[in-house]
Amino acid sequence: MSHRQLYGTITGMDSAVIAALISTPVALVAAGAAYAAGRAQSRGAHGGPVDSVRRAAQREAYARVLHEAQDFVTRIGPIASVASHYHFVRQLDMNVPASDETAAEQARDALINLSIADLSKAVAVVLLEGPDHVAELSNQLLTQASALHVTCDRYLTPYRNISSSPDALAHGERRLATAVEEFIVAARSHLNRRGFEH
């Protein structure tokens, strides 16, 4: 078809037909935009409640770890103090006074009753809930608690030859306190971030 014929065809068309042809692409673009906006709004409406539930689950999991960790720190402190003193007295190659033996025995009983099972269970939930960096810090917290528990047990065991410094207990307590603080900071930062992401 030549340009002249095409022009004649266009000019011979009804103005309503021409208007319809011109407006069709505009209508298609508008419909496409409306569809995309509707989809995005639908995803947002669905994502909001899901994110809210996820955030609540994570907050509960983090709070449980923090509760168990603080309980552990509170109870291990006096045990570690007795263990450190008991170790120091034994290192002097002298007979341990009866009062120190009694204190060590009481500390051993307290240590036996201080299980890390509850802390371990709480950390397991955080490992599932995530995110990765918070989960890793909760796992480090558990590692430090376990190490301190083992060290106290070694230092309180009678007739056991311990060559390491009693300062190991103080270092262990500081490492655990640091691990707890790092976990708190990471958990708080994650829960309070804008546009909460799981």
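Computed from a predicted model, the values in this text were never measured in an experiment. (Residues numbered from 1 in each chain as written. Predicted model: local features only at pLDDT ≥ 70, side-chain atom pairs only at ≥ 80, totals over all residues. Heavy atoms only, no water.)

Student: Quick one: what's the story with the overall build of the chain, residue by residue and with numbers?
Tutor: Across its full length, the chain holds six helices and zero strands. The helix and strand sequence of the chain, counted from the amino end, reads α-α-α-α-α-α. Among the 198 residues that make up the chain, the fraction classed as buried is 28%. In the chain, the proportion of contacts linking residues at least 24 apart, taken out of those at least 6 apart, comes to 75%. For the chain, the computed accessible surface area is about 12500 Å², with 58% contributed by carbon and sulfur atoms. (Helix = DSSP H or I, 4+ residues; strand = E, 2+ residues; numbered from the N terminus. Buried < 20%, exposed > 50% of the residue type's maximum accessible area, 1.4 Å probe, protein only. Contact = heavy atoms within 4.5 Å. Areas by Shrake-Rupley, 256 points an atom, 1.4 Å probe, with all protein chains shown as cover.)

Student: Account for the packing of helix α4 (residues 117-129) against helix α5 (residues 132-156), naming residues and giving values.
Tutor: Contact pair α4 / α5: the axes reach a minimum separation of 8 Å and the direction vectors enclose 165°. Of the possible angle classes, the one that applies to α4 and α5 is roughly antiparallel. Crossing of α4 against α5: the hand is left-handed. From α4, L119, S120, V123, V126 and L127 reach across to α5, where they touch V134, A135, S138, N139, L141, L142 and A145. When grouped by side-chain class, the residues that make up the contact of α4 with α5 number nine nonpolar, three polar and no charged. (Axes fitted to C-alpha atoms, helices over the stretch in contact; angles between N-to-C directions. Parallel < 35°, antiparallel > 145°, perpendicular 65-115°, else oblique. Left-handed = near helix turned anticlockwise from the far one by under 90°. Nonpolar A, V, L, I, M, F, W, Y, C, P; charged D, E, K, R; others polar.)

Student: Any details on unusual backbone geometry? Residues and values, ideally.
Tutor: G130 connects to P131 through a cis peptide bond whose omega is -5°. Examined against the element boundaries, P131 turns out to sit in the loop between α4 and α5.

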